[in-house]
Amino acid sequence: MAGMKNIWVFADKKDAILELCAGGRTLGDKVTALVIAPRTDAEQVIAGGADQVYWLGDKQDGKLIEDYFAAIFDLIQTQKPDVVLLGTTKRCKLMAGRLAARLGTSALMDVMEFSATDNGLQAKRMVYGGAAVRTESSAADLTIATVGPGVFEKLPEDSGRQGTIEDVAAAAGSAITCVEKRPKVGESVNLAAAKRVVAVGRGIANKEDLKMIEELAGLLGAEIGCSRPLAEGVDWLPRERYIGVSGVMFKPDLYIGIGISGQIQHMVGCNQAKTIVAINKDKAAPIFQQADYGIVGDLYKAIPALIEVLKK
Amino acid sequence: MKIVACYKIVPEEQDLIIRPDRTLNWERAEWKIGQYDLCAVEAGMQLSETNGGSLTALSAGTKQLENSKLKKGILSRGPQDLFIIADDALDNADAFQTASTLAAAVNKIGDVDLVLCGEGSSDLYTQQVGVQLGELLGYPVINAVSKITVQDGKLLVERTLEDEVEVLQIPLPAVISVTTDINLPRIPSMKEILAAGKKPVTQWGLADLDLAGKGSATKIDSTLAPEQADRKRILFEGDSEEVIQKLYENLRKEL
Ligand SMILES: Cc1cc2nc3c(=O)[nH]c(=O)nc-3n(C[C@H](O)[C@H](O)[C@H](O)COP(=O)(O)OP(=O)(O)OC[C@H]3O[C@@H](n4cnc5c(N)ncnc54)[C@H](O)[C@@H]3O)c2cc1C
């Protein structure tokens, strides 16, 4: 690709670094990863596709990844990579924005796909809640981009891969101090990995009614998902279960939407599903336009009936 | 404490018309205040109510900002005054251009202790303007904040990340982006809407600000509605056992 030589990658999670290393290989000639983690991680990152690692040491006690901003900025300033790819966690978005601001540019955010043009990298991202896809490019000398999980697939680990690990003595610090850290409570669910999902929306009238949805999901070997109002409006289901532009985006084999109207912000999360089934009492609900099979009826009759049929 | 809350006006998504060539038509769209930015304004109100001080609203955008309903809309939620930088040259501004404009405005307003932004705009949601603004001002900056209190002249904030919550102490002046969890924005009363019309509004153009060379580096190549996957769209009406049986038979072939 024209002029796209040095690709740098940075993320606060190892899996994300490995995916970005794989992505970096498709975009440039040389992949350099910035690692703030145990040294064994640096070695794994080489095995996962990096040619070079700047190892900033293991994260110092009581420090935040954010505290390494100045060290990372200095490296970028002196080494001048062509592209810096970051993950899409809140920490990475903060890092991307601060780097971009210092460099006098903007970052390409939440990139779903890159393509090469004569003028550099072109990136696609969703805008307007998923109603449209925007293709944009950066006119800056250095392109900064954040790339979500799953856009690139990590390479199989190859312990024979050669690469250099350079130790960087990085001072960590900032005006912000962390006084406490606590894990988020709640179940952990990896909805994105589910092959089948039964998703419920505001058509469900009471929290107790989720029982029959659980039974249905159990019979189908499916995970339970939901629309945002059920996770953010009423807290009936954990946030990790809501599907859509601001929640989980995935490609299951089967998606059954129950009492979900099918607003674009929800559907972009699942409209790549192989088969879409909708159950809704309103024939005009937008979800039917995007479904393979639809039941125009009351979910309180349809779900028990479906459970009976599946039990047979 | 002098607080500034930033907001963006965005087109109403329900009014979007998609043309047959998949381009977007916003001509009939109403403009509204970004949903997440209302939480920043509310957070600013609550802080100034509990700790004393003032709240100012600030926005940079196109001439749409001059719409009096939108100006009243923001002022009716509590800020004592409003500053707008309304210039059509800001149409399609990227995060850096917007943040640079806001930074110049914050400096011109002067003596600001805290700038609050919504986590992202409800149209583009890049989650970058607050972060860039903090960096450009040279203030400590943090995103994803779901709770703010003031303690000994510093902020104590909770930051909700993907799998953990951090409690951070942040000296002032600072820039903070807040999530929608932080509060439920108040609904203005008729009295507040009427009073909003009397609050001072200062309007600046880009030429009034110190903005040498702060343009947009991002080039928009296209914005298109996604191609819809072809779906079978087989509809069964009713919810009787027979109907469900038919659905099941169809489904079984797929599973
Ligand atoms: C910036 C932004 C981001 C957003 N991100 C997301 C996101 O990521 N994910 C998301 O889900 N939403 C998101 N939303 C919200 C989204 O716009 C919709 O409001 C939401 O998806 C609607 O949820 P719903 O379909 O459950 O509820 P509703 O739209 O209220 O639909 C309920 C449906 O249930 C049907 N129904 C009612 N009773 C029955 C019954 N007895 N039997 C059968 N059917 C019944 C009704 O006919 C109706 O169609 C976002 C919004 C914005 C502005």
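Note that this is a predicted model, so its numbers are computed, not measured.

So, how was this worked out
Residues numbered from 1 in each chain as written. Chains lettered and ligands numbered in written order. Predicted model: local features only at pLDDT ≥ 70, side-chain atom pairs only at ≥ 80, totals over all residues. Heavy atoms only, no water. pLDDT = per-residue confidence, 0-100. Buried < 20%, exposed > 50% of the residue type's maximum accessible area, 1.4 Å probe, protein only. Helix = DSSP H or I, 4+ residues; strand = E, 2+ residues; numbered from the N terminus. Pairing = 2+ DSSP bridges. Contact = heavy atoms within 4.5 Å. Buried area = accessible area lost by both parts, 1.4 Å probe. Salt bridge = Lys/Arg side-chain N within 4 Å of Asp/Glu carboxyl O. Nonpolar A, V, L, I, M, F, W, Y, C, P; charged D, E, K, R; others polar. Patch = residues over 30% accessible without salt bridge, like charges linked within 9 Å, V, L, I, M, F, W, Y side chains within 5 Å. Areas by Shrake-Rupley, 256 points an atom, 1.4 Å probe, with all protein chains shown as cover. Near = heavy atom within 4 Å. Polar contact = N/O pair within 3.5 Å; in protein donor to acceptor, adjacent residues only side chain to side chain. Axes fitted to C-alpha atoms, helices over the stretch in contact; angles between N-to-C directions. Core = buried A, V, L, I, M, F, W, Y, C linked by side-chain atoms within 4.5 Å. Phe/Tyr/Trp six-rings, centres within 6.5 Å; stacked < 30°, edge-to-face > 60°. Left-handed = near helix turned anticlockwise from the far one by under 90°.

Draft legend 1. The arrangement of the confidence of the model for chain B in detail. Mean pLDDT for chain B: 95, with 100% of residues reaching 70 or above. Across the whole predicted complex the pTM is 0.87, and at the interface the ipTM reaches 0.93.

Draft legend 2. How the structure looks around the pairing of strand 8 (residues 114-118) of chain B. Residue and element names in this part refer to chain B. Burial analysis of strand 8 places 5 of its 5 residues in the buried class, the great majority of the element. Relative to strand 12 (residues 174-178), strand 8 runs parallel, the two sharing 5 bridges. Looking across to strand 12, one finds that L116 is bridged to I176.

Draft legend 3. The interface of chain B and chain A, seen in detail. With 76 residues of chain B at the contact, the number on the chain A side is 83 residues. Across the interface of chain B and chain A, roughly 6,900 Å² is buried in total on both sides, 53% from carbon and sulfur atoms. Three residues, E135(B), R231(B) and D239(B), lead the burial of chain B against chain A; their summed loss comes to 10% of the area buried on that side. Along the contact surface separating chain B from chain A lie 13 salt bridges. One salt bridge connects R91(A) with E164(B), and the closest N-O pair in it is separated by 2.9 Å. In terms of residue count, the dominant contributor to the side of chain B that touches chain A is helix 6 (residues 241-254) of chain B (9 residues). In terms of residue class, the side of chain B that touches chain A is built from 38 nonpolar, 17 polar and 21 charged.

Draft legend 4. How the structure looks around a nonpolar patch on the surface. On the surface, M190(B), I193(B) and L194(B) cluster together into a nonpolar patch covering about 300 Å² of accessible area. For L194(B), the position within the fold is in helix 5 (residues 190-196).

Draft legend 5. Region of the structure containing the site of the ligand. Around the ligand, 27 residues are found, and the nearest of them are R202(A), S227(A), S246(A), S261(A) and N280(A). Near the ligand, the surrounding residues are drawn from chains A and B. The contact in question runs from an oxygen atom of the ligand to an N or O atom on the backbone of R202(A), over 2.8 Å. Here the ligand, which alone exposes 990 Å², has 83% of that area covered by the protein. Listed by contribution, the elements that provide at least two residues to the shell around the ligand are helix 6 (228-233), helix 7 (264-267) and helix 8 (299-311) of chain A together with helix 1 (35-51) of chain B. Among the residues forming the shell around the ligand, the class breakdown is 8 nonpolar, 14 polar and 5 charged.

Draft legend 6. Representation of the sheet that holds strand 9 (residues 141-151) of chain B within the structure. Strand order in the open sheet made by the 10 strands is 11(A)-11(B)-10(B)-9(B)-12(B)-8(B)-1(B)-6(B)-7(B)-13(B), with mixed pairing throughout. Each having just a single partner strand, strand 11 (177-183) of chain A together with strand 13 (201-204) of chain B make up the two edges of the open sheet. In this sheet, neighbouring strand axes are inclined to one another by 30° on average, regardless of whether the strands run parallel or antiparallel. In this sheet, strand 6 (residues 54-61) of chain B lies alongside strand 1 (residues 2-6) of chain B in parallel orientation, the contact comprising 5 bridges. Looking at strand 6 of chain B, one finds that C6(B) is bridged to L58(B). Helix 4 (residues 90-103) of chain A contacts strand 11 of chain A together with strand 9, strand 10 (154-160) and strand 11 (164-170) of chain B of the sheet and is inclined by roughly 100° relative to strand 9 of chain B.

Draft legend 7. Quick look at the sheet that holds strand 10 (residues 164-167) of chain A. Residue and element names in this part refer to chain A. Spatially, the 7 strands line up as an open sheet ordered 5-9-4-1-2-3-10, and their pairing is parallel. Across the chains shown, the open sheet's two edge strands, defined by having one partner strand only, are strand 5 (107-111) and strand 10. Within the sheet, the average angular offset between the axes of one strand and its neighbour, ignoring direction, is 20°. Looking at chain direction, strand 1 (residues 6-10) and strand 4 (residues 83-86) are connected through 4 bridges and run parallel. If you follow W8 over to strand 4, its bridge partner there is V84.

Draft legend 8. Structural context of the environment of K207(A). Residue and element names in this part refer to chain A. Following the sequence through the fold, K207 ends up in the loop between strand 12 (196-200) and helix 5 (210-220). Look at K207 and you get partly exposed, because its relative accessible area is 44%. In this structure, the C-alpha to C-alpha distance between K207 and D58, residues 149 residues apart in sequence, is 45 Å.

Draft legend 9. Summary view of the pattern of salt bridges. Taken as a whole and judged by the stated rule, the model has 40 salt bridges over all chains. For R228(A), the salt bridge goes to E232(A), with nearest N and O atoms at 3.7 Å. Linking R228(A) with E232(A), this pair stays in helix 6, spanning 4 residues, or about one helical turn. A salt bridge links E42(B) to R186(B); its shortest N-O distance comes to 2.8 Å. Here R186(B) lies in the loop between strand 12 and helix 5 and E42(B) lies in helix 1, a separation of 144 residues in the sequence. Through salt bridges with shared partners, one network takes in D12(A), K13(A), E66(A), R91(A), K181(A), R159(B), D163(B), E164(B) and E166(B).

Draft legend 10. Highlighting the nonpolar core. If you look at the biggest cluster of nonpolar residues, it comprises 66 residues, and the most contacted ones within it are L116(B), L133(B), I148(B) and I176(B). Counting residues in each nonpolar core, the second largest holds 56 residues, with L20(A), V83(A), M95(A) and A172(A) among its members.

Draft legend 11. A look at the packing of aromatic side chains. All names here are of chain A. Using the criterion set out here, one finds 6 aromatic pairs over all chains in the structure. Taking 6.1 Å as the distance between ring centres and 20° as the angle between the ring planes, the aromatic pair formed by F69 and F73 counts as stacked. Of this pair, F69 and F73 are both found in helix 3 (residues 69-79), 4 residues apart, which corresponds to roughly one turn of the helix. Residue F69 shares its accessibility class with F73, and that shared class is buried.

Draft legend 12. Representation of the packing of helix 5 of chain A against helix 8 of chain A in the model. Residue and element names in this part refer to chain A. One can describe the packing of helix 5 onto helix 8 by two numbers: an axis separation of 10 Å at closest approach and a directional angle of 35°. For the pair helix 5 and helix 8, the crossing hand works out as left-handed. Here M212, I213, E215, L216, L219 and L220 of helix 5 come into contact with helix 8, specifically with L299, Y300, I303, P304, L306, I307, L310 and K311. Here the contact of helix 5 with helix 8 is composed, by residue class, of 12 nonpolar, no polar and 2 charged.

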